[in-house]
Amino acid sequence: MVYIKRCFIVLLMVLPFILFFSSCKNGQKTKDDAIKQKVITQSSDSSQSRIVKLNNKLFSVPSPYQAAIFINEQELPYNSEVLNDLQTSHYNSTFFRSANLGVYGADMAYITLYEQSPDAMNYFSVIKGLAEKLQLMGAFNKSTIERIENNIGNQDSILQILGNTYRSADGYFKDNDQEHLACVVISGGWIESMYLMTHLGEKVNDALIQRVGENKIPLDNLLELLAPYSNRDQDYEKLVGKLLNLANIYERVSIDYAYIKSETDPDNKLTKVQTRTNVTMDRATLNEIKEKIGEIRAFIVKGEAV
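Residues numbered from 1 in each chain as written. Predicted model: local features only at pLDDT ≥ 70, side-chain atom pairs only at ≥ 80, totals over all residues. Heavy atoms only, no water.

**Q** How should I be thinking about the overall build of the protein in this particular structure?
**A** Within the protein, the regular secondary structure consists of eleven helices and four strands. Counting across all 306 residues of the protein, residues that qualify as buried make up 53%. Just so you have it, the protein exposes about 14100 Å², and 46% of that area is on carbon and sulfur atoms. (Helix = DSSP H or I, 4+ residues; strand = E, 2+ residues; numbered from the N terminus. Buried < 20%, exposed > 50% of the residue type's maximum accessible area, 1.4 Å probe, protein only. Areas by Shrake-Rupley, 256 points an atom, 1.4 Å probe, with all protein chains shown as cover.)

**Q** What should I look at first to understand the packing of helix α3 (residues 94–113) against helix α4 (residues 117–133) in this one?
**A** Angle between the axes and distance between the axes: these two values describe a pair of packed helices. At a minimum axis separation of 10 Å, α3 and α4 run at an interaxial angle of 160°. Relative to α4, the element α3 is oriented roughly antiparallel. By crossing handedness, the relation of α3 to α4 is classed as left-handed. Between α3, through Arg97, Asn100, Leu101, Tyr104, Gly105, Asp107, Met108 and Ile111, and α4, the contact on the second element is made entirely by Asp119, Ala120, Tyr123, Phe124, Val126, Ile127, Leu130 and Lys133. Of the residues that constitute the contact of α3 with α4, the class distribution is ten nonpolar, two polar and four charged. (Axes fitted to C-alpha atoms, helices over the stretch in contact; angles between N-to-C directions. Parallel < 35°, antiparallel > 145°, perpendicular 65-115°, else oblique. Left-handed = near helix turned anticlockwise from the far one by under 90°. Contact = heavy atoms within 4.5 Å. Nonpolar A, V, L, I, M, F, W, Y, C, P; charged D, E, K, R; others polar.)

**Q** Help me out: how do you make sense of the nonpolar core in this one?
**A** Generally speaking, soluble globular proteins have nonpolar side chains that are buried together. One finds Tyr110, Trp190, Leu243 and Ile289 to be the most contacted residues of the largest nonpolar core, which totals 72 residues. The set of elements that each furnish at least two residues to this core consists of α2 (64–73), α3, α4, α7 (179–199), α8 (206–213), α9 (216–226), α10 (234–250) and α11 (283–302). Those residues in contact with tyrosine 110 that sit more than four places away from it in its chain are Ala68, Ile71, Pro77, Tyr78, Asn79, Leu83, Leu196 and Leu200. (Core = buried A, V, L, I, M, F, W, Y, C linked by side-chain atoms within 4.5 Å.)

**Q** Would you mind going over unusual backbone geometry with me for this structure?
**A** Glycine aside, the phi torsion of most residues is negative, and most peptide linkages are trans. With a phi close to 60°, glutamate 75 is a non-glycine residue in the positive phi region. Non-glycine residue glutamate 115 carries a positive phi angle of around 55°. Along the chain, glutamate 115 turns up in the loop between α3 and α4.

**Q** I tried to follow the packing of aromatic side chains on my own but got confused; where do I start?
**A** The description of an aromatic ring pair rests on the distance of the ring centres and on the angle between the ring planes. A full pass over the atoms with the stated rule returns eight aromatic pairs. Ring geometry for tyrosine 104 versus tyrosine 123: centroids 5.9 Å apart, planes at 55°, classification tilted. Remark: tyrosine 123 occurs in helix α4 and tyrosine 104 occurs in helix α3; sequence separation between them is 19 residues. Judged by relative accessible area, which is 0%, tyrosine 104 ranks as buried. Owing to a relative accessible area of 6%, tyrosine 123 belongs among the buried residues under this scheme. (Phe/Tyr/Trp six-rings, centres within 6.5 Å; stacked < 30°, edge-to-face > 60°.)

**Q** Would you mind showing me how to read the environment of lysine 290 here?
**A** With respect to the helices and strands, lysine 290 occurs in helix α11. For the pair lysine 290 and methionine 194, spaced 96 residues apart in the sequence, the C-alpha separation amounts to 8.2 Å. Once residues lying within four places of it in the same chain are set aside, the contact partners of lysine 290 are Thr198, His199 and Glu202.

**Q** Quick question: what am I supposed to make of the pattern of salt bridges here?
**A** A side chain with one charge may pair with a side chain of the opposite charge, provided their charged atoms come close. Taken as a whole, this structure holds six salt bridges when the rule is applied. For glutamate 295, the salt bridge identified is with lysine 242, shortest N-O distance 3.2 Å. One end of the pair, glutamate 295, is in helix α11; the other, lysine 242, is in helix α10, and 53 residues separate them in sequence. By relative accessible area, glutamate 295 is classed as partly exposed at 29%. For glutamate 288, the salt bridge identified is with arginine 252, shortest N-O distance 2.6 Å. Of this pair, glutamate 288 sits in helix α11 while arginine 252 sits in the loop between α10 and β3 (254–265), placing them 36 residues apart in sequence. What makes arginine 252 partly exposed here is its relative accessible area of 43%. (Salt bridge = Lys/Arg side-chain N within 4 Å of Asp/Glu carboxyl O.)

On their own, these measurements won't tell you what the molecule is for.
Given below as structure tokens:
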């Protein structure tokens, strides 16, 4: 199977924080929006994008927090029914445990942004359980757990702690020659983010088309990340095959880029290089993407071939 390689590397100073995130909007009007903007922009609390390095190549991979912010901006009510089930006993392989560690991370981003503390505790408990089975308790140690419990109502703190925790887990995988699992975690988070964006609410507008369409290049980056492991076993092969089918649908999506004047922060010695994208995609293609995302997500969360 062949797909067109695209290298979309955002040249910016990456700030250490949350899960796997790309870009957000400005123009905050409410207290909640101000909190979100604070989380996004402060150098100690955020990143514009997660830059993944594999075999001396760089890939820009979006974070689930982008989807959570987008959903919140659409003024959609909180809906826990669309999230992955809390039952994890059927995840009996490192592949599905890793993929769903990414899925639950995306769910946690959504839950935390909507400030649903009871659900946040439940989902963090599930994440902790999967981490134990993946031998990641260096990232989810007693100190981290206590910090989560003590700050469960503090959105900024929870997002920062979770971001640092997932970075530690990613580092563990790489230090122990398990980069294939790190790639699966990232893929699970991306799939769940796309699922939430396309399955929460029935409203289809230009903003949704734009946001879904913008994920064309990150999808190709995920495929390049996973490609070296596609023959590792049947689960990797199925995931790559399903993502390739999704990429084929995305071939009908057109993206034009316009570069915006860079912003420099001399105090923090940061320079941000930005682009504005314009997506062309019809609704039939959007519906096909939504359907395929649902299929891939079902494969991951069910822990079996579908």
